[in-house]
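Residue-level structural notes
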Amino acid sequence: TKGANAALAGTSVELVVDTRGTESDVSALLLGSDQKVRADDDLVFYNNPSKDGVSISGKTVSVQLSKVPRDVASVVVVVSVDPTHPDTVF
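A brief report on the enclosed structure follows. Quantities reported herein were computed from a predicted structural model and do not represent experimental measurements.

1. Things to note about the environment of Leu65
Examined against the element boundaries, Leu65 turns out to sit in the loop between strand S6 (60-64) and strand S7 (74-81). When the C-alpha atoms of Leu65 and Asp52 are compared, they prove to be 9.4 Å apart, with 13 residues separating the residues in sequence. If sequence neighbours within four positions are ignored, Leu65 has contacts with Leu8, Ala9, Gly10, Thr11 and Ser12.

2. A short note on the pairing of S6
Most of S6 sits inside the fold, with four of its five residues counted as buried. Two elements, strand S1 (residues 12-16) and S6, share five bridges in a ladder whose sense is antiparallel. Across the sheet, residue Ser12 finds its bridge partner in S6, namely Gln64. Two elements, strand S5 (residues 54-57) and S6, share four bridges in a ladder whose sense is antiparallel. When the bridges of S6 are listed, Ile56 appears paired with Val61.

3. Looking at the packing of aromatic side chains
Here a ring pair, both rings aromatic, is described through the centre-centre distance and the interplanar angle of the planes. Enumeration over the complete set of coordinates arrives at one aromatic pair. Between Phe45 and Tyr46, the ring centres sit 5.2 Å apart and the planes meet at 85°, which makes this aromatic pair edge-to-face.

Conventions we followed
Residues numbered from 1 in each chain as written. Predicted model: local features only at pLDDT ≥ 70, side-chain atom pairs only at ≥ 80, totals over all residues. Heavy atoms only, no water. Helix = DSSP H or I, 4+ residues; strand = E, 2+ residues; numbered from the N terminus. Contact = heavy atoms within 4.5 Å. Buried < 20%, exposed > 50% of the residue type's maximum accessible area, 1.4 Å probe, protein only. Pairing = 2+ DSSP bridges. Phe/Tyr/Trp six-rings, centres within 6.5 Å; stacked < 30°, edge-to-face > 60°.

This is the structure:
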């Protein structure tokens, strides 16, 4: 759900983004306790598809929780759409 937050348990989680016909870009941010990326490469996207247990393949974000460093407080998934595309619905 747009804007939702969820605590996770277990060893891994996978999120698949479906924008139902609208082209979208999926990325993930590894944030520290200050809610900022620790470094520029903490942005996981098609051109940097994996970092510290977080990976992206197409519209799927996978997280191996045991591989995420302790100084990462949250992983934020970001989905972008082109608002100039006709019939864009998010």
